[in-house]
Amino acid sequence: MPGPDEGAWLETIALFEAIREGDQPAALRLLGTSSNRYAVIGGLLSMLSIFLRAEDATDRAKLDRFIEASHRAGTPPAFGARPFLPPFGS
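Definitions and limits used
Residues numbered from 1 in each chain as written. Predicted model: local features only at pLDDT ≥ 70, side-chain atom pairs only at ≥ 80, totals over all residues. Heavy atoms only, no water. Patch = residues over 30% accessible without salt bridge, like charges linked within 9 Å, V, L, I, M, F, W, Y side chains within 5 Å. Areas by Shrake-Rupley, 256 points an atom, 1.4 Å probe, with all protein chains shown as cover. Salt bridge = Lys/Arg side-chain N within 4 Å of Asp/Glu carboxyl O. Helix = DSSP H or I, 4+ residues; strand = E, 2+ residues; numbered from the N terminus. Buried < 20%, exposed > 50% of the residue type's maximum accessible area, 1.4 Å probe, protein only. Expected span 1.5 Å × (residues − 1). Core = buried A, V, L, I, M, F, W, Y, C linked by side-chain atoms within 4.5 Å. Contact = heavy atoms within 4.5 Å.

**Q** Could you give an account of a nonpolar patch on the surface, naming the residues involved and the relevant values?
**A** A contiguous nonpolar patch, built from I41, L45, L48, F51 and L52 and spanning about 400 Å² of accessible area, is present on the exposed surface. Relative to the helices and strands, I41 is located in helix 3 (residues 37-58). Residue class for I41 comes out partly exposed when judged on its relative accessible area of 31%.

**Q** Break down helix 4 (residues 60-73) for me, with residues and values.
**A** For helix 4, built from 14 residues, the straight-helix expectation of 20 Å at 1.5 Å per residue is met to within 8% by its first-to-last C-alpha distance of 20 Å. G74 sits one or two positions beyond helix 4 and adopts a positive phi of about 85°.

**Q** Give me the lowdown on the nonpolar core, citing residues and values where you can.
**A** In terms of nonpolar packing, the biggest core is built from 10 residues, these being A8, L15, A18, A26, A27, L30, L31, A39, V40 and L44. Residue assignment for this core shows that the elements contributing at least two residues are helix 1 (6-20), helix 2 (24-33) and helix 3. Excluding residues within four positions of it along the chain, V40 makes contact with A8, E11, T12, L15, L30, L31 and S34.

**Q** Any chance you could break down helix 3 for me, citing the residues and the numbers?
**A** Between its first and last C-alpha, helix 3 extends 32 Å over 22 residues, near the 32 Å set by a 1.5 Å rise per residue. Within the sequence span of helix 3, burial applies to A39, V40, G42, G43, L44, M47 and E55.

**Q** Just give me the short version of the side chain of S34, but keep the residues and values in it.
**A** Mapped onto the secondary structure, S34 falls in the loop between helix 2 and helix 3. We classify S34 as buried; its relative accessible area is 11%.

**Q** Explain the environment of L63 to me, and be specific about the residues and the numbers.
**A** Along the chain, L63 turns up in helix 4. With a relative accessible area of 17%, L63 lands in the buried category. The spatial distance from the C-alpha of L63 to the C-alpha of L52 is 8.2 Å, given a sequence separation of 11 residues.

**Q** Outline the side chain of E55, listing residues and values.
**A** Assignment of secondary structure puts E55 in helix 3. Classification of E55 as buried rests on a relative accessible area of 16%. Apart from residues no more than four positions distant in its own chain, E55 is found in contact with R60, K62 and L63.

Structure below.
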């Protein structure tokens, strides 16, 4: 996978921020309009590995629990779909 150029790196950061904010439609739009989608995805994987290594250093058990919960939860909803949440206090 080719390394990100400066423009792709800025798109990668914007993608990471959109995902962090839970704005999946914006993340999908960014990927859909990127001129170097593979570099952006490669950059995102690099950012995630850095983030996860730092997180792993502080609390490995938290990441292990997240992975276990992901396995138990099964296949996630379609990208951009929002789960139904009942009103607070129900």
